[in-house]
Amino acid sequence: MRAVYMVHVELTVAAVVARASRYLVVEEAINDQRVINQPAGHVEPGETILEAVIRETREESAWQFVPEGLIGLYYWPHADGRTTLRIALAGYVQEHDPARPLDTPIVATHWLSRQELAQHPSLRSALVLRSIEDYERYPLMSLDRLTHIQDVS
């Protein structure tokens, strides 16, 4: 009989926000290096996908994110054995709170063009540009496609 191994994923969300041909990104200090990412992070226990992306965007950029559509799902097995499933959502931001402290390890927020991002030497991962390319290439899927099923037992 063959052994069965299951993949355990780290479930993450990312917000893709476009305004005047520029994208909201965060600059993070990771392992003594500054990298660029979308506002993104892990879904916490008891949180829905939409709650997570709204929270992460607020914590990392001080903007209130309003999700409008699903861009895609990105399955990413890492060389170190971890696996990430990233859910990228598009939307807009409102109600910026410049006095709000940004989450650690965020150092700053920026609005960068797709071209600036494509030429940037320090993207956090290939997912940063890929989700923007997919946002520009494909129609958004309805948020109704995201279903949160609660355990009722």
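An account of the packing of aromatic side chains is needed here, citing residue identities and associated values.
For the structure on display, the rule yields 2 aromatic pairs. Ring geometry for Y23 and Y135: centres 6.1 Å apart, planes at 90 degrees, overall edge-to-face. Taken together, the residues span a long stretch of sequence, with Y23 in strand β2 (residues 22–30) and Y135 in helix α3 (residues 126–137) at a distance of 112 residues. Under the relative-accessibility criterion, Y23 is labelled buried at 5%. For Y135, a relative accessible area of 27% corresponds to the partly exposed category.

Could you give me a rundown of the environment of A20, with the residues and numbers involved?
Within the element layout of this structure, A20 appears in the loop between β1 (10–19) and β2. Residue A20 is classed as exposed on the basis of its relative accessible area of 73%. The spacing of A20 and V152 is 132 residues in sequence and 44 Å in space, taken between C-alpha atoms.

How would you summarise the pattern of salt bridges if you had to cite specific residues and measurements?
According to the stated counting rule, one finds 13 salt bridges in the structure shown. A salt bridge links E28 to R124; the nearest nitrogen and oxygen atoms lie 3.0 Å apart. Note that E28 is positioned in strand β2 and R124 in the loop between α2 (114–119) and α3, a separation of 96 residues in sequence. Here D80 ties to R82 by a salt bridge, and the two come within 2.9 Å at their closest N and O atoms. Overall, the relative accessible area of 35% leaves R82 in the partly exposed class. Because the salt bridges share partners, they merge into one network encompassing E44, E47, R55, E56 and E59.

Please set out the side chain of S113 residue by residue, giving values where relevant.
Following the sequence through the fold, S113 ends up in the loop between β7 (106–112) and α2. Classification of S113 by relative accessible area gives buried; the value is 14%. What S113 contacts, discounting residues up to four positions off in sequence, is S21 and R22.

Outline the environment of H78, listing residues and values.
Following the sequence through the fold, H78 ends up in the loop between β5 (64–77) and β6 (83–94). Judged by relative accessible area, H78 falls into the buried class, the value being 15%. In contact with H78, other than residues within four places in its own chain, are T83 and T84. Looking at H78, its side chain comes within polar contact range of the side chain of T84, at 2.7 Å.

Summarise helix α1 (residues 49–61); cite the residues concerned and give the values.
End to end, α1 covers 18 Å across 13 residues, agreeing with the expected 18 Å (1.5 Å per residue, within 8%). The set of residues buried in α1 consists of I49, A52, V53, R55, E56, T57, R58, E60 and S61. Structurally, α1 contributes buried residues whose contacts are with β1, β2, β4 (40–42), β5, β6 and β7.

With reference to specific residues and values, describe the nonpolar core.
Ranked by size, the top nonpolar core spans 15 residues in total, and within it V13 and L89 carry the most contacts. Of all the secondary structure elements, the ones that give two or more residues to this core are β1, α1, β5 and β6. With sequence-adjacent residues up to four places away left out, V13 is seen in contact with P39, A40, G41, V43, I49, A52, V53, E56 and I87. In terms of nonpolar packing, the next biggest core, distinct from the first, is built from 13 residues, V16, Y23, I36 and I71 among them.

So, how was this worked out
- Residues numbered from 1 in each chain as written.
- Predicted model: local features only at pLDDT ≥ 70, side-chain atom pairs only at ≥ 80, totals over all residues.
- Heavy atoms only, no water.
- Phe/Tyr/Trp six-rings, centres within 6.5 Å; stacked < 30°, edge-to-face > 60°.
- Helix = DSSP H or I, 4+ residues; strand = E, 2+ residues; numbered from the N terminus.
- Buried < 20%, exposed > 50% of the residue type's maximum accessible area, 1.4 Å probe, protein only.
- Salt bridge = Lys/Arg side-chain N within 4 Å of Asp/Glu carboxyl O.
- Contact = heavy atoms within 4.5 Å.
- Polar contact = N/O pair within 3.5 Å; in protein donor to acceptor, adjacent residues only side chain to side chain.
- Expected span 1.5 Å × (residues − 1).
- Core = buried A, V, L, I, M, F, W, Y, C linked by side-chain atoms within 4.5 Å.

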